[in-house]
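Structural features, examined
Take a look at the letters that make up each chain.
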Amino acid sequence: MNDQTVSRKTFDEVMVPCFSPAPFVPDRGEGSRVWDTEGRDYIDFACGIAVTSLGHAHPELLRVLQEQGSKLWHIGNGYTNEPVLRLARQLETLTFADRAFFANSGAEANEAALKLARRVAFDRHGADKFEIVSFTQSFHGRTFFTVSVGGQPKYSEGFGPVPGGITHLPYNDIEAAKRAIGAQTCAVIVEPVQGEGGVIPADPAFLHALREACDAHGALLIFDEVQTGVGRTGHFYAYEDTGVTPDILTTAKALGNGFPIGAMLTTEAIAAHFKVGVHGTTYGGNPLGAALAGKVVELVSDPALLAGVRARGEAIRAKLAKINERFDMFKEVRGKGLLIGAELNARFAGRAKDFNAAAANRGVMMLIAGPDVLRFAPSLIIPEADLDEGFARFEQACNDVIGVAGSR
Ligand SMILES: *Cc1c(COP(=O)(O)O)cnc(C)c1O
């Protein structure tokens, strides 16, 4: 059965059609390069979705995979293991947190955070303090609770009654937040940069206002750093650069560099409400994922690496500015570090997908964030030569879409 011939076409015959993958099939990767099954190469400005932040086949991660892989993969939460204890220590040394819960994905980390916030409010204040405040266009995962909390109604419609007690407010609107957060609020969940929603950074004053409102009303502040975390913004976690400390932080995506792992980080006092049996997971905290994440955290928390993220982010902004001079295609370029969104101007409204497809055709993997925003999330250690070549290819792709006479 192993020699069965499969191709992109097979996808439509064997897979649940909730994705629409690119016409080519990636086969192997090294650093910021990926090759498809036909041997064509791509420069990876996507990293999955901001996941493989240390690139593909990183030698130190391969070594950990082999070492831990030949030692112990899984043991269950009836036992603990050294890699997960070391990982928790590392994350707690780097952050405000002093307790960690491990899961397998961002959605599960958020599910744990939201359940914990509800339980804390229940224990401390009683059954009536359950309201969760979230923001329009936010994204927190695809479990039913997390899509309901997320601010994109299309993801929760058509699945029956949504969980109650969830309020959506406009993002970056301080007055709306001050009006809505009150005695009934148990938690506010916010992305420091909305990723899926269009790469929209939070105004620091907005985050400060959320912190004040939460403190005034005994609500917990949850930062969803699933996309912004683990170095992506040029800080290990984005909150460090906002002057605001959350009560709970969720992290996943880049944490395992592609090995599925997520975490919820919090304080001892809050964590105490998840007593034995109140929450759980089968795979969460397994030694293989924890060992890999431990190496990722060690490598990414290096200040020199983080400075490199900020420098590369500036370099990309300069490249996008030049491309914009040539084609006049962007209304705004925004984001933080190596999470960059370029919003198309009115002339190209709704055409982000076309640019994405043209880029793939020229040998660049990139992302979109909604119909109008091109999203760039390359490896945090992408070599300069790959950045240069990738943007040269991307410029050709823009020319393919826009078709300006006299271009290469
Ligand atoms: C991707 C993402 C999630 C969901 O993570 P999964 O691993 O897909 O469950 C949650 N929140 C944010 C901000 C994300 O970008």
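Thresholds, definitions, all that
Residues numbered from 1 in each chain as written. Predicted model: local features only at pLDDT ≥ 70, side-chain atom pairs only at ≥ 80, totals over all residues. Heavy atoms only, no water. Near = heavy atom within 4 Å. Polar contact = N/O pair within 3.5 Å; in protein donor to acceptor, adjacent residues only side chain to side chain. Areas by Shrake-Rupley, 256 points an atom, 1.4 Å probe, with all protein chains shown as cover. Helix = DSSP H or I, 4+ residues; strand = E, 2+ residues; numbered from the N terminus. Nonpolar A, V, L, I, M, F, W, Y, C, P; charged D, E, K, R; others polar. UniProt positions renumbered as here; feature names shortened; annotations may be inferred. Contact = heavy atoms within 4.5 Å.

Every residue near the ligand is listed here: Ser-105, Gly-106, Ala-107, Asn-110, Phe-139, His-140, Gly-141, Glu-191, Asp-224, Val-226, Gln-227 and Lys-253. Separating a nitrogen atom of the ligand from a side-chain N or O atom of Asp-224 is a distance of 2.7 Å. Within the side chain of Lys-253, one N or O atom sits 2.6 Å away from an oxygen atom of the ligand. A total of 390 Å² of accessible area belongs to the ligand in isolation, and the protein chains cover 82% of it. If one sorts the elements of the shell around the ligand by residue count, helix 5 (residues 106-125) sits on top with 3 residues. Here the residues of the shell around the ligand sort into 3 nonpolar, 6 polar and 3 charged.

Our focus in this paragraph is the UniProt feature "binding site: pyridoxal 5'-phosphate" (unreviewed entry) in the chain. UniProt tags Gly-106, Ala-107, Phe-139, Asp-224, Glu-225, Val-226, Gln-227 and Thr-282 as "binding site: pyridoxal 5'-phosphate" (unreviewed entry). Spanning 177 residues, the named residues do not form one spatial group; their C-alpha atoms are separated by as much as 24.7 Å. Within the secondary structure layout, Ala-107 lies in helix 5. With residues near it in sequence (within four places) discarded, Ala-107 still touches His-140, Gly-141, Arg-142, Thr-143 and Thr-146. Mapped onto the elements, Gln-227 comes out in the loop between strand 10 (220-224) and strand 11 (248-251). When residues no more than four places from it in sequence are discounted, the contact partners of Gln-227 are Ile-49, Ala-50, Gly-195, Glu-196, Arg-232, Lys-253, Leu-339 and Arg-375.

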